[in-house]
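Okay, here's what each chain looks like letter by letter:
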Amino acid sequence: MRAVRRTLGWIVALAVITGLGLILWSTLRGRPQDLPWTPLDLGQPIGLMTGRKLNALTQSYPACRAALERAGVRYTALPPRSGEGQCGYSDGVRFTSGGARRIDFAPAGLGVACPVAAALAIWEWNVVQPAAERHFGTKVTSIDHFGSYSCRRIYGRDAGTWSEHSTADAVDIAGFRLGNGTRITVARDWQGDTAKAAFLREVRDGACQLFATTLSPDYNTAHADHFHLDHADRGAMGWRACR
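About the cut-offs
- Residues numbered from 1 in each chain as written.
- Predicted model: local features only at pLDDT ≥ 70, side-chain atom pairs only at ≥ 80, totals over all residues.
- Heavy atoms only, no water.
- Core = buried A, V, L, I, M, F, W, Y, C linked by side-chain atoms within 4.5 Å.
- Buried < 20%, exposed > 50% of the residue type's maximum accessible area, 1.4 Å probe, protein only.
- Helix = DSSP H or I, 4+ residues; strand = E, 2+ residues; numbered from the N terminus.
- Salt bridge = Lys/Arg side-chain N within 4 Å of Asp/Glu carboxyl O.
- Phe/Tyr/Trp six-rings, centres within 6.5 Å; stacked < 30°, edge-to-face > 60°.

What follows is about the nonpolar core. Counting 48 residues, the largest nonpolar core has Trp-123, Phe-176 and Phe-199 as the members making the most contacts within it. Elements that contribute at least two residues to this core include exactly helix 3 (61-70), strand 4 (92-95), helix 4 (114-136), strand 7 (140-147), strand 8 (170-178), helix 6 (195-208) and strand 11 (227-230). Ranked by residues supplied to this core, first place goes to helix 4 with 13 residues.

The following block contains the structure:
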């Protein structure tokens, strides 16, 4: 028992030291986004805790809308929707023109759960646009998508786990259109050593920092033509998937 107590004591001490170190490190660097208890600011660079803070918005629609508004993201709240099983949502939003965002979605009128919208905004500012300028010297003007809300189970099966699409907590990204007219698609440009492939892998990796689940062609053939991005609610310390 003495050895067990000694081991537990060391574990607690290590946890305390680690926590204090994180506080000091984040404070000295002026990065509140690295701390778990600071409020989420969509306008801040991506931090260690940004992804988990975004995921926590699945528990509070008012907090999510407030975060969008503080960041200057214009949106329209969607009316609640219901369906069979767990299908439906009560926290849907649709981006509207103007404000802090610049990228359109095609087809137009994409509606997503509010936490997904918040993550898409950060993804645009911190990942997508910087990557486009780095690889192509221009910005992304539009993102092609395969939709968000779909009342179905995973892979469209008749039984089993419901898809995050069933609550609009997921979006499938098919490609990007640049300001110079260039089009980049996951289906055509994922493979190879081209600038387009490098761009796609960079924006996929960036999405992994923000979404609870990020799936790409590296995962399986079902995702050969799109990125699946979702905010599955797995709890405050839930696991994250990035493939």
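Let's pick the thread back up.
On to the pattern of salt bridges. Inspection of the entire model under this criterion finds 10 salt bridges. Of the charged contacts, one joins Arg-31 and Asp-34 as a salt bridge, the two residues approaching to 2.7 Å between their closest N and O atoms. Exposure class is identical for Arg-31 and Asp-34. Each is buried. Its salt-bridge partner being Arg-101, residue Glu-124 comes within 3.2 Å of it at the nearest N-O pair. Placement of the pair is Glu-124 in helix 4 and Arg-101 in the loop between strand 4 and strand 5 (104-106), with a sequence separation of 23 residues. You'll find Glu-124 and Arg-101 in the same group, each marked buried. What you see here is one network of salt bridges that share partners, running through Arg-201, Arg-204, Asp-205 and Asp-218.

To continue, consider the packing of aromatic side chains. Applying the stated criterion to the full structure yields six aromatic pairs. On the basis of an interplanar angle of 75° and a centroid distance of 5.7 Å, the ring pair of Trp-190 and Phe-227 is categorised as edge-to-face. Residue Trp-190 is located in the loop between helix 5 (186-189) and helix 6, and its partner Phe-227 is located in strand 11; the two are separated by 37 residues in the primary sequence. On the basis of relative accessibility, which here comes to 1%, the residue Phe-227 falls in the buried class. Among the aromatic residues, ring-to-ring pairing joins Trp-123, Phe-136, Phe-176 and Phe-199 into one connected group.

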